[in-house]
Amino acid sequence: MTERLLAPFTAIGRAALSLASGIGRWGVFAGDTVRSLRHVDVWGRLLLEQMSRIGADSVPIALFISTFTGVVLALQASYTFTGAIPMYFVGVLVGKTMMLELGPVLTGLALSGRVGANIAAELGTMRVTEQVDALETMAYPPLAYLVAPRVLAGIIMFPIVTVLAVGIGVVSGWLTSLQLLDMSTAEFLRGLTLFFRPFDVVFTVIKATSFGLIVTSIGCYFGFHTRGGAAGVGQSTTRAVVASSMVILVLDAFWAVVLL
Amino acid sequence: MNRMREAWLGLVIVGAIVVAVVGTLWLEGSSFGQSQRDMEAVFEEVGLIRPGNPIKLRGVEVGRVQEVSVDSGGAVVRLSFRVDEDLVLPEDAVVILSPESMFGDWQAEIVPRSRFPAVAYAQPWEPGVLPGGALPDISELTHTADQIAVNLGVLTDRMGIAFSDETARNVASMIDNIEAVTQRLSALVTQQADSFTGVTERVQMAVDGIGSAADQATATLERVDELLAQDDVASTLEDMAVIAANMRDLSGDLQGTNAEIRQTAARADSAFARADAILTRMAAGEGTMGRVLENEGIADDLQATVVELKVLLTDIRENPRRYFSLSIF
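Topic: empty space enclosed by the protein
All names here are of chain A.
And then number 1: In the structure shown here, the tally under the stated rule is one cavity of 30 Å³ or more.
And then number 2: Space inside the largest cavity adds up to approximately 40 Å³.
And then number 3: Along the walls of the largest cavity sit Val92, Gly95, Lys96, Met99, Gly191, Leu192, Phe195, Phe196 and Asp200, which together make up its complete lining.
And then number 4: Along the lines of polarity and charge, the residues of the lining of the largest cavity split into five nonpolar, two polar and two charged.

Structural notes on unusual backbone geometry
All names here are of chain A.
And then number 1: In this structure, Glu130 is a non-glycine residue whose phi angle is positive, near 65 degrees.
And then number 2: With respect to the helices, strands and loops of the structure, Glu130 is situated in the loop between helix 4 (89-128) and helix 5 (131-137).
And then number 3: For Glu130, a relative accessible area of 53% translates into the label exposed.
And then number 4: Even without glycine at this site, Ala139 takes up a positive phi of about 60 degrees.
And then number 5: Tracing the sequence through the fold places Ala139 in the loop between helix 5 and helix 6 (142-180).

Details of the nonpolar core
And then number 1: Ranked by internal contacts, the top residues of the largest apolar core, which has 71 residues, are A:Val90, A:Leu123, A:Leu146, A:Val147 and A:Phe224.
And then number 2: No other element matches the 16 residues that helix 6 of chain A contributes to this core.
And then number 3: Excluding its chain neighbours within four sequence positions, the residues that come into contact with A:Phe224 are A:Phe29, A:Leu123, A:Arg127, A:Val132, A:Pro142, A:Leu143, A:Leu146 and A:Val147.
And then number 4: Membership of the second largest hydrophobic core comes to 21 residues, among which are B:Ile55, B:Val62, B:Val77 and B:Leu87.

Notes on the sheet that holds strand 6 (residues 106-112) of chain B
And then number 1: As summarised here, the arrangement of the seven strands in space is 1-4-3-2-6-5-7 (chain B), forming a closed barrel in which the pairing is mixed. Sheet twist, expressed as the average angle between the axes of neighbouring strands with direction ignored, equals 35 degrees.

Thoughts on the layout of surface pockets
Residues and elements named next belong to chain A.
And then number 1: Volume-wise, the largest pocket comes out at about 820 Å³.
And then number 2: Considering the residues around the largest pocket, the lining is formed by 24 residues, among which Leu19, Gly22, Tyr221, Phe222 and Ala243 are closest to the centre.
And then number 3: Only helix 1 (2-36), helix 8 (198-224) and helix 9 (230-259) provide two or more residues apiece to the lining of the largest pocket.
And then number 4: The element that contributes the greatest number of residues to the lining of the largest pocket is helix 9, accounting for ten residues.
And then number 5: Residue classes in the lining of the largest pocket are distributed as 13 nonpolar, eight polar and three charged.

Regarding the domain arrangement of chain B
And then number 1: Entries for chain B in the domain assignment read domain 1 (1-30), domain 2 (36-141) and domain 3 (287-319).
And then number 2: Taking only C-alpha atoms into account, the centre of domain 2 of chain B sits 123 Å from that of domain 3 of chain B.

Notes on the packing of aromatic side chains
All names here are of chain A.
And then number 1: A full pass over the atoms with the stated rule returns nine aromatic pairs over all chains.
And then number 2: Taking the centre distance of 5.7 Å and the plane angle of 50 degrees together, the rings of Phe29 and Phe224 count as tilted. Of this pair, Phe29 sits in helix 1 while Phe224 sits in helix 8, and the two are 195 residues apart along the sequence. The pair formed by Phe29 and Phe224 is uniform in burial state, with each residue classed as buried.
And then number 3: With 5.0 Å between their ring centres and 55 degrees between their planes, Phe64 and Phe68 make a pair best called tilted. A residue pair is termed a helical-turn pair when its members lie 3 or 4 positions apart in one helix, as Phe64 and Phe68 do in helix 3 (residues 59-81) at four residues.
And then number 4: One aromatic cluster in this structure is built from Phe29, Tyr221, Phe222 and Phe224.
And then number 5: For Arg127, the ring lying beneath its charged end belongs to Phe224, and the centroid distance is 4.8 Å.

Looking at the interface of chain A and chain B
And then number 1: Contacts between the two partners involve 28 residues from chain A and, on the opposite side, 21 residues from chain B.
And then number 2: When the two sides are added together, the surface that chain A and chain B hide from each other amounts to roughly 2200 Å², 73% of it contributed by carbon and sulfur.
And then number 3: The interface formed by chain A and chain B includes four residue pairs in polar contact (both at pLDDT 80 or more).
And then number 4: Elements that contribute at least two residues to the side of chain A that touches chain B include exactly helix 2 (40-54), helix 4, helix 6, helix 7 (185-194) and helix 8 of chain A.

A look at the packing of helix 3 of chain A against helix 4 of chain A
All names here are of chain A.
And then number 1: It is the contact of helix 3 with helix 4, at a shortest axis distance of 9 Å, that shows an interaxial angle of 145 degrees. With respect to the hand of their crossing, helix 3 and helix 4 are arranged in right-handed fashion. Residues Ile61, Ala62, Ile65, Ser66, Thr69, Gly70, Leu73, Ala74, Ala77, Ser78 and Phe81 of helix 3 form the contact with helix 4, whose own contacting residues are Phe89, Val90, Leu93, Val94, Thr97, Met98, Leu102, Leu106, Thr107, Ala110, Leu111 and Arg114.

What about the pairing of strand 7 (residues 129-134) of chain B?
All names here are of chain B.
And then number 1: Within strand 7, five of the six residues are buried, which leaves the element mostly enclosed by the surrounding structure.
And then number 2: One ladder, built from three bridges, connects strand 1 (residues 36-43) with strand 7; its direction is parallel. Within strand 7, the position partnered with Val42 by the bridge is Pro131.
And then number 3: With three bridges connecting them, strand 5 (residues 93-99) and strand 7 associate as parallel partners. Across the sheet, the residue bridging to Leu97 is Ala134, located in strand 7.

Here's the deal with helix 1 (residues 3-28) of chain B
Residue and element names in this part refer to chain B.
And then number 1: For helix 1, spanning 26 residues, the distance from its first C-alpha to its last is 37 Å, which sits close to the expected 38 Å at 1.5 Å a residue.
And then number 2: Listed as buried for helix 1 are Leu9, Val12, Ala16, Ala20, Thr24 and Leu27.
And then number 3: For helix 1, the N-terminal cap is Asn2; the gap from its side-chain oxygen to the backbone nitrogen of Met4 is 3.2 Å.
And then number 4: Downstream of helix 1 by a residue or two, Gly29 has a phi angle that is positive, lying close to 85 degrees.

So, the side chain of B:Asp71
And then number 1: With respect to the helices and strands, B:Asp71 occurs in the loop between strand 3 (60-70) and strand 4 (77-84).
And then number 2: Using a relative accessible area of 13% as the deciding quantity, one classes B:Asp71 as buried.

Quick notes on the rules
Residues numbered from 1 in each chain as written. Chains lettered and ligands numbered in written order. Predicted model: local features only at pLDDT ≥ 70, side-chain atom pairs only at ≥ 80, totals over all residues. Heavy atoms only, no water. 1 Å grid on protein atoms, 1.4 Å probe; cavity = no way out; pocket = protein on both sides within 12 Å on 5 of 7 lines; lining within 4 Å. Points joined across faces, edges and corners; volume = space filled by probe spheres on them. Nonpolar A, V, L, I, M, F, W, Y, C, P; charged D, E, K, R; others polar. Helix = DSSP H or I, 4+ residues; strand = E, 2+ residues; numbered from the N terminus. Buried < 20%, exposed > 50% of the residue type's maximum accessible area, 1.4 Å probe, protein only. Core = buried A, V, L, I, M, F, W, Y, C linked by side-chain atoms within 4.5 Å. Contact = heavy atoms within 4.5 Å. Pairing = 2+ DSSP bridges. Axes fitted to C-alpha atoms, helices over the stretch in contact; angles between N-to-C directions. Domains from an automatic or database assignment. Phe/Tyr/Trp six-rings, centres within 6.5 Å; stacked < 30°, edge-to-face > 60°. Lys NZ or Arg CZ within 6 Å of the ring centre and 35° of its normal. Buried area = accessible area lost by both parts, 1.4 Å probe. Polar contact = N/O pair within 3.5 Å; in protein donor to acceptor, adjacent residues only side chain to side chain. Left-handed = near helix turned anticlockwise from the far one by under 90°. Expected span 1.5 Å × (residues − 1).

And the structure:
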């Protein structure tokens with residue numbers, strides 16, 4: 001009877017401990033990764049390859065998402081305004097929303113699925129096939145070889161991909177305003193420049209950088225700590241995507257509270 | 001990593017940097033090489049103006065707000081902005097802040113002070129800094145309207161208190177009185193209308209008379225005009241000129257005569273003075289005449305002598321031979 005009454009609290013406590021334990025292990029893992037950065041000769045020659053895989057190869061999906069996001073933003077803005085608000089505010093809404101929120105967040109979520117899952121699956125497979133153990137056996141630093149270039153590539157390339165995504169989203173919103181909303185370029189640009197501040201771009205870069213750090217480090221963490229066979233790899237991949245997506249949203253709110 | 005992947009990576013990085021940098025500069029309103037100059041204005045209050053808001057001159061955007069900061073001491077707010085280098089400011093220029101629309105976007109406009117003379121401008125103490133003032137925004141207007149609404153509410157309440165049953169009866173009585181007065185006024189107006197008709201007729205007659213007189217005056221003036229148009233006028237004018245010359249001569253003569261008169265008067269004054277002296281001496285009994293006047297006996301003798309002389313002269317006229325014998329040879 002008592003156990004049944006305490007069961008919900010036990011579950012909550014276990015989840016909290018698991019979360020705290022996971023955060024602690026991730027912290028230790030991140031610390032080890034930072035320490036592995038001293039092996040520049042190991043991760044340096046792998047960095048460009050990872051930047052290309054994580055960043056450049058992710059540009060098409062990021063631009064695809066941001067293009068339609070810009071279209072939808074413009075259309076929904078005009079639908080919401082319903083004549084009560086001047087149409088040039090479509091430019092305000094498209095610009096501000098793409099820069100401050102949807103550009104970084106949607107790009108981060110898309111890349112968490114593509115990049116985070118890829119990293120978790122790749123490292124998880126290496127772990128379950130004992131390739132990581134082989135590296136350790138050869139005294140080759142696995143964190144410097146497997147984790148550091150991916151995390152650094154994510155930190156560098158996420159802002160770059162996000163900036164391109166924001167630019168394409170704004171352009172698609174502008175074209176949508178011209179073609180579907182009977183707005184002029186001058187009207188859209190007036191709204192776009194009306195409340196623009198250079199800090200908006202800085203805010204975008206800060207968020208995207210943090211998202212890059214989170215997506216790649218979480219992907220590496222779950223991949224590096226994969227247990228079991230193929231099922232474990234799948235489980236790690238799923239956990240990596242879910243965790244990084246959740247952390248992206250938490251960080252999104254965090255940066256909004258701290259910086260805006 | 002093959003060359004194509006490297007090129008693609010480089011293209012992505014460069015593209016993102018270009019988008020970020022150029023996009024930021026463009027959205028910030030940078031001039032991209034066009035020379036600009038920094039200016040400042042001070043305000044007591046700046047409303048919702050923010051960095052990036054437009055600076056306008058005659059409705060045309062000529063720059064952007066760069067910075068808004070409270071000046072040291074907190075007395076004024078300093079607005080830094082950047083405008084085109086070759087911008088010519090109006091005489092006695094000031095900066096006016098105002099809402100650009102009803103949705104929170106503000107603008108700063110450079111205008112001559114005479115355009116908004118009633119605005120309270122903050123006065124700068126440094127040269128080159130413009131005075132500035134802010135027009136009320138929609139929130140202030142709404143606040144004022146709210147105060148008016150409150151006042152109207154108070155007034156309505158007071159009206160409700162003041163408008164009792166007795167007041168209603170008084171108002172009804174007043175309306176009846178007004179109706180009676182209106183009827184009287186109507187009768188008076190009818191009566192006055194008749195009088196006014198008579199007055200109007202007389203005025204009409206007077207106007208006719210004035211019209212007739214005006215016609216006669218017009219005819220007279222026409223005749224005068226005709227006379228003036230004839231050749232006799234020239235000779236008349238010449239005669240007038242001769243008369244004027246004669247008058248001038250006469251005036252000259254009169255001036256000469258006046259001089260002579262003044263000399264004669266002077267001489268008369270002198271004669272009168274001497275006569276006065278003589279009479280004074282005579283009154284004092286000096287001289288023969290004085291003694292005569294003083295002594296009545298002598299006067300009587302003189303009078304008797306004169307009588308006798310008259311008798312003698314009469315006798316000489318009547319009998320001249322008695323006294324004169326005339327022989328030529």
